[in-house]
Amino acid sequence: MKSKKYGLTVYLSDDQKNLDQNLLKEIVKFKKKAFKELNPTISFGNHSKQAPPDHHEILHLEAHADGISFISESEQPWDEFKMTIRQGYEHLRKPFSTSGNLSQAIVMALLSWVFTFMAMINTIFLRGWRLEIVKNMALSNGEKTIPETIPNLFTFFRRGLVLIVMRAIYFLPHLLVLTIVTPQLFNLFIDFFWWVWDIITGDKKTILEFLIAKIPEVMVSVIIEFVMVLLYFLIVWPIYRINMIKYAQGLIRGYQFLSPGQIRHSIMVYRENADLVLGICFFYLCINFFCVVSLSLLTTFTFGAAYVAVPFLLVFIRHWPIAYAYGWLATKIQHSLVPKTAHQPANESVVF
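Counting restarts for each chain, with residues numbered from 1 along the sequence as it is written. Local features in this predicted model are restricted to residues of pLDDT 70 or higher, and side-chain atom pairs are both shown and tallied only at a pLDDT of 80 or more, whereas totals for entire chains, interfaces and linings draw on every residue. The basis for every side-chain value is the complete set of non-hydrogen atoms in the structure, without hydrogens or water.

## Concerning the overall build of the chain
For clarity, the threshold we go by: Helical segments are the DSSP runs of H or I of at least four residues, strand segments are the runs of E of at least two, and each set is numbered from the N terminus. When accessible area is computed with a 1.4 Å probe and restricted to protein chains, residues below 20% of their type maximum are described as buried, those above 50% as exposed, and intermediate ones as partly exposed. We call two residues contacting when some pair of their heavy atoms lies within 4.5 Å. Methods summary: accessible areas were calculated by the Shrake-Rupley approach with a probe of 1.4 Å, and residue burial reflects only the protein chains presented.
Secondary structure assignment for the chain yields twelve helices and four strands. Every one of the 352 residues in the chain was classed for burial, and the buried ones make up 38%. In the chain, 75% of the contacts between residues at least 6 apart in sequence involve partners at least 24 apart. Accessible area for the chain stands at about 20600 Å²; split by element, carbon and sulfur atoms hold 68% of it.

## Points about the packing of helix H10 (residues 274-301) against helix H11 (residues 310-332)
Under the convention used in this document: To get an axis, a line is fitted to the C-alpha atoms, and for a helix only the part in contact is used. The angle between two axes follows their N-to-C directions and goes from 0 to 180 degrees. Roughly parallel covers angles under 35 degrees, roughly antiparallel covers those over 145, roughly perpendicular covers 65 to 115, and oblique covers all other angles. Each residue gets one label: Ala, Val, Leu, Ile, Met, Phe, Trp, Tyr, Cys and Pro are nonpolar, Asp, Glu, Lys and Arg are charged, and the others, such as Gly, are polar.
Here H10 crosses H11 at 170°, and the two axes come no closer than 10 Å. By the angle class used here, H10 and H11 are roughly antiparallel. Contacts between H10 and H11 involve Leu276, Val277, Ile280, Phe283, Tyr284, Ile287, Asn288, Cys291, Ser294, Leu295, Leu298 and Thr299 on the former and, on the latter, Val310, Leu313, Leu314, Ile317, Arg318, Pro321, Ile322, Ala325, Tyr326, Trp328, Leu329 and Lys332. Class assignment of the residues belonging to the contact of H10 with H11 gives a composition of 19 nonpolar, three polar and two charged.

## Looking at the layout of surface pockets
We apply this condition: Cavities and pockets are defined on a 1 Å grid built over the protein atoms alone: a cavity is a set of grid points where a 1.4 Å probe fits but cannot escape, while a pocket is an open set with protein on both sides within 12 Å along at least five of seven lines, and lining residues are those with an atom within 4 Å of any such point. Grid points are joined across faces, edges and corners, and a volume is the space filled by probe spheres set on the points.
One number sums up the size of the second largest pocket: a volume of about 400 Å³. What lines the second largest pocket is a set of 18 residues, among which Ser112, Thr116, Asn122, Pro311 and Leu314 lie closest to the centre. At the level of elements, helix H4 (99-114), helix H5 (119-140) and H11 are the ones that each hand at least two residues to the lining of the second largest pocket. Its residues assigned to classes, the lining of the second largest pocket comprises ten nonpolar, five polar and three charged.

## Overview of the environment of Leu314
Here Leu314 is to be found in helix H11. Along the sequence, Leu314 and Ser112 sit 202 residues apart, while their C-alpha atoms lie 9.0 Å from each other. Not counting chain neighbours up to four residues away, the residues in contact with Leu314 comprise Cys291, Leu295 and His319.

## Some words on a nonpolar patch on the surface
Let me state the cut-off plainly: Like charges within 9 Å and nonpolar side chains (Val, Leu, Ile, Met, Phe, Trp, Tyr) within 5 Å are joined into patches, using only residues over 30% in relative accessible area that form no salt bridge. Here, a salt bridge means any side-chain nitrogen of Lys or Arg that lies within 4 Å of a carboxyl oxygen of Asp or Glu.
The grouping of Met219, Val222, Ile223, Phe226, Val227, Leu230, Leu231, Leu234 and Ile235 at the surface amounts to a nonpolar patch, some 750 Å² of accessible area in total. Checked against the element boundaries, Leu234 lands in helix H8 (residues 207-248). Accessibility expressed as a relative area gives 32% for Leu234, which makes it partly exposed.

Here it is in structure tokens:
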């Protein structure tokens, strides 16, 4: 029986490209005995761009802190997706492998639980905590993450308050439009309720007749709201977040969120890194959706008992992943931020 030939493609992320390739080959041989026995042809490159050699089965390898992972060509892209999820989870979990980071996060979670009944105060502290994580990651290229909690409480509050104020200003136009269109949408809901009631009590008006009568009244409002949400998602949110990353590092002060020059610069940074910024925006939406669904189910199945723990859990399953995502984004767009703003004084003692 003719023995089957194997090829092995090694692909590495940006922070792994400095690994010695000969050393990596030895790791492959000793890590997986089966691969040593098969004596595969080893090549390096991007698996999505590299065509497999004739009569070779390409086996993809990923080197990471916990060892070597192998996936076969036939298992892609599903296994690649699972591997991406696993990598993301490992990145989020790794900072808590040290007792110091874990204890600081637990302290913040307990404080969040204490401040639950003062919702705005709690929000301010959490925003400041997330901002400090972004700063740590940006200035250490992702090496440092969780800040000390108690010594930085005033910093969390001061800088979190700046973010709350600036966020409100950035999204004020959207809130004004929402205030105008919401009553019309609410009236449509009430009219729909009475239409259902009329059907139950014997009125024969069809759904088509109802829609013809009511939709023109709210169509303009729905379109306006849709356009505003789209503008928020594609323009306002990215500009605000990029300014937030600059503020986290002390590259701008609070009042400079509203500076035309800084807004223009953030637009330029956004254009250069649109895929990364929008990717984080999508991740933000996914995390929020996951939290709403998972915590709602948890509260329902425990008959409301788990609601007491929700503020504590949110620190770990919502605020930490979001802060880490912003910090990761900061490390990726740093090349676009620093050259244009490095000349500005970094003064964290000034709020505005």
